[in-house]
Amino acid sequence: MITCEGLVKIYKTDEIEVVALQGLNIQIDTGELMAIIGNSGSGKSTLLNILGGLDRPSAGQVKVGDWDLLKITDKQLVEYKRSTVGFIWQNNARNLISYLSALENVEMPMMLSGNYDRAYAKQLLEWVGLGNRMHNRLQELSGGEQQRVAIAISLANRPRLLLADEPTGSVDTKTADMILSIFQRLNQELGVTIVIVTHDMSVAGKVGRVVAIRDGMTSSEFIARHPAVGATDGHWPTGIAQAHEEFVVLDRAGRLQVPKEYLTALGINGKATMEFDGEKIMIKAPNPNQTLK
Ligand SMILES: Nc1ncnc2c1ncn2[C@@H]1O[C@H](COP(=O)(O)OP(=O)(O)OP(=O)(O)O)[C@@H](O)[C@H]1O
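Described in the following lines is the structure provided in the data block. (Residues numbered from 1 in each chain as written. Predicted model: local features only at pLDDT ≥ 70, side-chain atom pairs only at ≥ 80, totals over all residues. Heavy atoms only, no water.)

## Overview of helix H5 (residues 143-154)
Right, so step 1: The terminal C-alpha atoms of H5 lie 16 Å apart, and with 12 residues this matches the ideal 16 Å at 1.5 Å per residue to within 8%.
Right, so step 2: With respect to burial, H5 is a largely interior element, 11 of its 12 residues being buried.
Right, so step 3: Residues of H5 that are buried make contact with strand S6 (85-89), helix H3 (102-112), helix H4 (118-127), strand S7 (161-165) and helix H6 (173-190). (Helix = DSSP H or I, 4+ residues; strand = E, 2+ residues; numbered from the N terminus. Expected span 1.5 Å × (residues − 1). Buried < 20%, exposed > 50% of the residue type's maximum accessible area, 1.4 Å probe, protein only. Contact = heavy atoms within 4.5 Å.)

## Looking at empty space enclosed by the protein
Right, so step 1: According to the stated counting rule, one finds one cavity of 30 Å³ or more in the structure shown.
Right, so step 2: Taken as a whole, the largest cavity encloses approximately 80 Å³ of empty space.
Right, so step 3: Lining the largest cavity are Gly-23, Leu-24, Asn-25, Met-217, Thr-218, Val-249, Leu-250, Asp-251, Arg-255, Leu-256 and Gln-257.
Right, so step 4: Contributing elements (two or more residues each) for the lining of the largest cavity: strand S2 (16-28) and strand S10 (217-224).
Right, so step 5: The dominant element in the lining of the largest cavity, judged by the number of residues it contributes, is S2, at three residues.
Right, so step 6: Class assignment of the residues belonging to the lining of the largest cavity gives a composition of five nonpolar, four polar and two charged. (1 Å grid on protein atoms, 1.4 Å probe; cavity = no way out; pocket = protein on both sides within 12 Å on 5 of 7 lines; lining within 4 Å. Points joined across faces, edges and corners; volume = space filled by probe spheres on them. Nonpolar A, V, L, I, M, F, W, Y, C, P; charged D, E, K, R; others polar.)

## Considering the site of the ligand
Right, so step 1: Surveying the vicinity of the ligand reveals the residues Tyr-11, Val-18, Ala-20, Asn-39, Ser-40, Gly-41, Ser-42, Gly-43, Lys-44, Ser-45, Thr-46 and His-199.
Right, so step 2: Here an oxygen atom of the ligand and a backbone polar atom of Asn-39 are 3.4 Å apart.
Right, so step 3: Within the side chain of Thr-46, an N or O atom sits 2.5 Å from an oxygen atom of the ligand.
Right, so step 4: Across the complex, the protein chains shield 62% of the 630 Å² of accessible surface that the ligand would expose by itself.
Right, so step 5: Going through the elements one at a time, S2 and helix H1 (44-51) are the ones with two or more residues in the shell around the ligand.
Right, so step 6: The residue makeup of the shell around the ligand, split by class, is three nonpolar, eight polar and one charged. (Near = heavy atom within 4 Å. Polar contact = N/O pair within 3.5 Å; in protein donor to acceptor, adjacent residues only side chain to side chain. Areas by Shrake-Rupley, 256 points an atom, 1.4 Å probe, with all protein chains shown as cover.)

## Some details on the nonpolar core
Right, so step 1: In terms of nonpolar packing, the biggest core is built from 44 residues, with Val-106, Leu-125, Val-149, Ile-151, Phe-183 and Ile-196 touching the most fellow members.
Right, so step 2: Once residues lying within four places of it in the same chain are set aside, the contact partners of Val-106 are Ala-121, Leu-124, Leu-125, Val-149, Ala-152, Ile-153 and Ala-156.
Right, so step 3: Ile-2, Ile-28, Leu-69 and Phe-87 belong to the second largest nonpolar core, which has 29 residues in total. (Core = buried A, V, L, I, M, F, W, Y, C linked by side-chain atoms within 4.5 Å.)

## Details of the sheet that holds strand S5 (residues 67-68)
Right, so step 1: If you walk across this open sheet you meet the four strands as S2-S1-S4-S5, and the pairing is antiparallel. Here the strands that pair on one side only, and so sit at the sheet edges, are S2 and S5.
Right, so step 2: For strand S1 (residues 2-13) and strand S4 (residues 59-64), the ladder comprises five bridges, and the chain directions are antiparallel. Considered in S4, the bridge of Thr-3 is made with Lys-63.
Right, so step 3: Docked against the sheet, H1 engages S1, S2 and S4, running at close to 110° with respect to S1. (Pairing = 2+ DSSP bridges. Axes fitted to C-alpha atoms, helices over the stretch in contact; angles between N-to-C directions.)

## Some thoughts on H3
Since the α-helix turns once every 3.6 residues, residues separated by three or four places project in the same direction.
Right, so step 1: Where H3 is concerned, the buried positions are Ala-102, Leu-103, Asn-105, Val-106, Glu-107, Pro-109 and Met-110.
Right, so step 2: On its buried face, H3 is in contact with H4 and H5.
Right, so step 3: Gly-114 lies just past H3 and shows a positive phi near 75°.

## With respect to the packing of H3 against H4
Right, so step 1: It is at 9 Å that the axes of H3 and H4 come closest, and there the two elements cross at 125°. On the basis of the axis angle, H3 is oblique to H4. In this structure, the crossing between H3 and H4 has a hand that is right-handed. Contacts between H3 and H4 involve Ala-102, Leu-103, Val-106, Glu-107 and Met-110 from the first element and Arg-118, Tyr-120, Ala-121, Lys-122, Leu-124 and Leu-125 from the second.
Right, so step 2: Looking at side-chain class alone, the contact of H3 with H4 contains eight nonpolar, no polar and three charged residues. (Parallel < 35°, antiparallel > 145°, perpendicular 65-115°, else oblique. Left-handed = near helix turned anticlockwise from the far one by under 90°.)

## Things to note about the environment of Arg-255
Right, so step 1: Of note, Arg-255 is situated in the loop between strand S11 (244-248) and helix H9 (260-266).
Right, so step 2: For Arg-255, the contacting residues outside a window of four places in its chain are Val-249 and Leu-250.

## A closer look at the environment of Ser-220
Right, so step 1: Looking at the secondary structure, you find Ser-220 in strand S10.
Right, so step 2: Beyond its immediate chain neighbours, meaning those up to four positions away, Ser-220 contacts Val-210, Val-211, Ala-212, Glu-246, Phe-247, Val-248 and Val-249.

## Things to note about a nonpolar patch on the surface
Right, so step 1: Residues Met-274, Phe-276, Ile-281 and Ile-283 make up a contiguous nonpolar surface patch of roughly 470 Å² in combined accessible area.
Right, so step 2: At the level of secondary structure, the elements contributing two or more residues to the nonpolar patch comprise strand S12 (273-276) and strand S13 (281-284).
Right, so step 3: Of note, Phe-276 is situated in strand S12. (Patch = residues over 30% accessible without salt bridge, like charges linked within 9 Å, V, L, I, M, F, W, Y side chains within 5 Å. Salt bridge = Lys/Arg side-chain N within 4 Å of Asp/Glu carboxyl O.)

## Examining the sheet that holds S6
Right, so step 1: With mixed pairing, seven strands are arranged side by side in an open sheet as S6-S7-S8-S3-S9-S10-S11. The strands lining the two open edges of the sheet, one partner per strand, are S6 and S11. Each strand of the sheet is rotated relative to its neighbour by a mean of 20°, with strand direction disregarded.
Right, so step 2: Looking at chain direction, S10 and S11 are connected through five bridges and run antiparallel. What sits directly across from Ala-224, in S11, is His-244.
Right, so step 3: Taken strand by strand, H5 contacts S6 and S7, and its axis lies near 165° from that of S6.
Right, so step 4: In the packing of H6 onto the sheet, the strands contacted are strand S3 (33-37), S6, S7 and strand S8 (193-198), and the crossing angle to S8 comes to about 155°.

The structure is reproduced here in structure tokens:
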């Protein structure tokens, strides 16, 4: 469903240029429930904003279904955002209108897009476990309940792709678990492709695949060994290691990212030696006794 190849995003502010994505590659299949994990500033939100049509890429390839987000016109982008993609943010205030009821909030995007469907709006609120609170005003709901309303809203226009930026960032563990269960159900029952961006390692154990981003590039990938097994201890890498197998990501040119800790531990800086013994490849610090002549 999603293909990014050599994706680049450069932010230009006055004289400073920030390269937020530097040739990122990622492939996400239709029907996946996956997470993108990375430290602050690694480029996660930038990627999500590009996939959501909120920001434009600088270069590279980015396709979502039939849409080419590099070449898309502004008019097509409006249509893309309305028809294909739903968004959930950590701070749900920007999705919600506090003086309207939960139901009215879900109906609002339906009205704006001309697809008003009260029965579906109610069904969505049932799905997120708010069947008995749908007539309450938003301001009468807790933060966790509001976040669940935001999930219902994001699905109002029946998007095929749901993008969630730190959806569990401002809720307690119990609510976070509930939100992730809702995602699992929506993914299984509606077949919505769901991409979650987070630095919350406990999310990792509850999705099929985790892609780690470092410095604006995909670095490694964790695939669930058994989709039903979820790490609940929230620890990285132990929790994810139990449920997932780790792979390093290689781009088409054969480039990979070696974790900084490994390089530091081996004192590798700038140059390394590489050996292939027929089965494995070994990267070592250059031998200081071997000087180039
Ligand atoms: N609008 C912008 N203008 C300039 N630089 C930006 C802008 N948005 C993001 N950046 C920079 O791009 C880099 C990647 O930012 P991004 O928000 O994508 O990271 P992130 O992984 O989502 O971080 P966090 O977890 O803290 O949200 C950072 O260095 C950030 O400062």
